[in-house]
Amino acid sequence: MVTTNLFTTTIYALATAPGRSGVAVVRISGPQAGSALAALTGRTPPAPRRAVLTKLRDPRTGDALDDALVLRFTAPASFTGEDVVELHLHGGRAVVTGVIEALAILPGLRLAEPGEFTRRAFENGKLDLTEAEAVADLIDAETTAQRRQALRQMEGALGKLYDGWRERLTRALAHIEADIDFAEDDLPGGVADAVRPVIAGLANEIATHLDDGGRGERLREGLHIAIVGAPNAGKSSLLNALARRDAAIVSARAGTTRDIIEVHLDLGGYPVVLADTAGLREAAADEVEEEGIRRARDRAARADVKVAVFDATTLPDLDPATLDLIDADTVVVFNKTDLATDGNLRPGLSLIVAPILAPILVSAHTGAGLKALEEKLTVFSADRLAIGSAPSLTRARHRAALMECRESLLRALDAPLPELAAEDVRLASRALGRITGRVDVEDLLDVIFQDFCIGK
Ligand SMILES: Nc1nc2c(c(=O)[nH]1)N(C=O)[C@@H](CNc1ccc(C(=O)N[C@@H](CCC(=O)O)C(=O)O)cc1)CN2
Ligand SMILES: Nc1nc2c(ncn2[C@@H]2O[C@H](COP(=O)(O)OP(=O)(O)OP(=O)(O)O)[C@@H](O)[C@H]2O)c(=O)[nH]1
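What counts, and at which threshold
Residues numbered from 1 in each chain as written. Chains lettered and ligands numbered in written order. Predicted model: local features only at pLDDT ≥ 70, side-chain atom pairs only at ≥ 80, totals over all residues. Heavy atoms only, no water. Buried < 20%, exposed > 50% of the residue type's maximum accessible area, 1.4 Å probe, protein only. Helix = DSSP H or I, 4+ residues; strand = E, 2+ residues; numbered from the N terminus. Pairing = 2+ DSSP bridges. Axes fitted to C-alpha atoms, helices over the stretch in contact; angles between N-to-C directions. Contact = heavy atoms within 4.5 Å. Domains from an automatic or database assignment. Near = heavy atom within 4 Å. Polar contact = N/O pair within 3.5 Å; in protein donor to acceptor, adjacent residues only side chain to side chain. Areas by Shrake-Rupley, 256 points an atom, 1.4 Å probe, with all protein chains shown as cover. Nonpolar A, V, L, I, M, F, W, Y, C, P; charged D, E, K, R; others polar. pLDDT = per-residue confidence, 0-100. Phe/Tyr/Trp six-rings, centres within 6.5 Å; stacked < 30°, edge-to-face > 60°. Lys NZ or Arg CZ within 6 Å of the ring centre and 35° of its normal.

**Focus: the pairing of strand β1 (residues 10–14)**
Right, so step 1: In terms of burial, β1 is a largely internal element, five of the five residues being buried.
Right, so step 2: Alignment of β1 against strand β6 (residues 109–111), held across three bridges, turns out to be parallel. Directly across from T10, in β6, lies its bridge partner L109.
Right, so step 3: Of the strand pairs in this sheet, β1 and strand β2 (residues 23–29) are connected by four bridges, and their pairing is antiparallel. Bridged to Y12 within β2 is I28.

**Some remarks on the sheet that holds β1**
Think of a sheet as strands paired side by side through backbone hydrogen bonds, with each pair either parallel or antiparallel.
Right, so step 1: Taken together, six strands build an open sheet; the order of strands is β3-β4-β5-β2-β1-β6 and the sheet is mixed. At either end of the open sheet lies a strand with only one pairing partner, and these are β3 (52–57) and β6. Taken over all neighbouring pairs, the strand axes of this sheet differ in orientation by 30° on average, direction set aside.
Right, so step 2: The pairing of strand β4 (residues 64–73) with strand β5 (residues 84–90) spans five bridges and is antiparallel. Bridge pairing in β5 places V70 opposite L87.
Right, so step 3: Across the face of the sheet, helix α1 (residues 33–41) comes into contact with β1, β2, β3, β4, β5 and β6 while running at roughly 70° to β3.
Right, so step 4: Along the sheet, helix α3 (residues 116–123) contacts β1, β2 and β6; its crossing angle with β1, the most-contacted strand, is approximately 140°.

**A word on the domain arrangement of the protein chain**
Right, so step 1: Domain boundaries in the protein chain define domain 1 (10–127), domain 2 (138–212 + 395–436) and domain 3 (218–385).
Right, so step 2: Between domain 1 and domain 2, the C-alpha centre-to-centre distance is 42 Å.

**Digging into the site of ligand 2**
Right, so step 1: Taken together, the neighbourhood of ligand 2 is formed by 16 residues, with K235, S236, S237, D338 and A364 sitting nearest.
Right, so step 2: Between A233 and ligand 2, the recorded distance is 3.2 Å, taken from a backbone N or O atom to an oxygen atom.
Right, so step 3: Considered on its own, ligand 2 offers 650 Å² of accessible surface; in the complex 72% of this is hidden by protein.
Right, so step 4: Looking at the shell around ligand 2, its residues break down into five nonpolar, eight polar and three charged.

**Topic: the confidence of the model for the protein chain**
Atom-level detail of predicted coordinates should not be read off regions where pLDDT is low.
Right, so step 1: Of the residues in the protein chain, 93% reach a pLDDT of 70 or more, and the chain-wide mean stands at 89.
Right, so step 2: Taken over the whole predicted complex, pTM reads 0.87, whereas the ipTM for its chain interfaces reads 0.88.

**Re the packing of aromatic side chains**
Right, so step 1: If you walk through the whole model with that rule in mind, you get three aromatic pairs.
Right, so step 2: Centroid distance Y162 to W165: 5.6 Å. Interplanar angle 45°. Geometry classified as tilted. With a gap of three residues between them, Y162 and W165 both fall in helix α6 (residues 157–182), about one helical turn apart.
Right, so step 3: When its relative accessible area of 4% is taken as the criterion, W165 is described as buried.
Right, so step 4: The interplanar angle of 45° and the centroid separation of 5.0 Å between the aromatic rings of F449 and F452 together place this pair among those described as tilted. Take F449 and F452: they sit in the same class, and that class is buried.
Right, so step 5: We note K456 situated over the ring of F79; from NZ or CZ to the ring centre the distance is 5.1 Å.

**Thoughts on unusual backbone geometry**
A negative phi angle characterises most non-glycine residues, just as the trans form characterises most peptide bonds.
Right, so step 1: Put simply, A75 and P76 share a cis peptide bond, and its omega is 0°.
Right, so step 2: Mapped onto the elements of the fold, P76 is located in the loop between β4 and β5.
Right, so step 3: Following L315, the chain continues into P316 via a peptide bond in cis, with omega recorded as 5°.
Right, so step 4: The residue P316 is located in the loop between β10 (305–311) and α11 (320–325) in this model.
Right, so step 5: Backbone geometry places R49, a non-glycine residue, at a positive phi of 60°.
Right, so step 6: Position of R49 relative to the elements: it lies in the loop between α1 and β3.

So this is what it looks like as structure tokens:
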């Protein structure tokens, strides 16, 4: 654990989004925060945790920089656990630049790296690693369900679960070690009967926790839905129609026309990444289309959910390549119902497969049926993303450590000697400790915090 001392550098950064804004906050953390403030105000610092309106000046020239609201926290009662100063500035570019440049010339201060404030909060014991990760998730949260998950994790739900498990292992280990110390030489080895159910029980709990369909991870990243279908079925039109209707968050990323196009949607609070793919057909016109179809199939295979689009005007014919892709994770859509005739729809809906497909009749052009499609997709999303009362793991990092933990526990149960069982339980405990950062995780920190934004 890093203690606050004069050898720790003091860091500063713009904590709010860059660019012109109403108010911009510059945050300073470290032992020199108070003296940096004094250098800008020319006065003694205000009382901690009290916002004060103060004139800020460039210490080199005396040039006025802003009339700012200044807030000071003293170690350890701050977000980072260090002395912290916040400068709540008018959010003009020249104001922010002036203040940042004035801080840059002060001795012992440097610009913060991404995530460095939160990293210091972790290193000073203010947050465990899962809570620190949740801070980043909360900032990235774009939908209600993502916010709920991030907040719960930031409040410690996941960390407490793992710490609780680790405590159980610590007690089990003490038991095993006592057995080692006091065992008669001729006693048979292995884990004592009293400890066995504790270890087996935890291995089971971890298995249940892991067997969650990856919902916590998917909720962080967004459910991947791929629109698939024959060329001209209306896939792109459908994507555009869905994006316009629920365009809370839309960021289109178009590659070549044959490449995959993605939009982000908020479906009833669940984050969805909806992808339009190249039309499937046997004989591609050229290499580019062939590659497009290969990508479409690949995306369909990796998608959590598929929307299979059929052209209602060609009913009762159903494109066989699209039919092939339909499974339990597929929503079937008959599009262009505005153009389809009775001669298409009646035989189409009485197809022997129709009840299984349960097609939703839509028109990307008129908007008919889109609400029903959205509702169906929301149900599919809730099914795959909704989190129950128990906290979910949210990262591949957590999953890998939990699998390692469980394997060690299973090995401990099979160990022929208590010494070997003890070692396996130690490994299991260490794997849990790496998730929360209770054991040495120095090697992980750069990777974890590099994904944060500057000023966080
Ligand atoms: N202006 C501002 N707003 C902000 C933050 C910030 O740093 N500055 N936060 C930053 O992300 C979040 C709030 N998080 C914070 C967490 C802890 C402490 C803090 O002072 N903790 C002390 C005292 C706790 C208490 O009094 O209850 C401590 O933990 O000892 C402050 C902010 C969101 N809003
Ligand atoms: N009348 C009508 N026309 C539609 C509808 N949906 C799509 N179209 C038309 O069908 C044609 C193909 O639509 P797209 O959305 O480009 O079809 P696509 O499936 O993405 O086609 P590819 O990218 O070639 O695979 C266009 O001319 C659209 O205007 C609809 O609901 N009603």
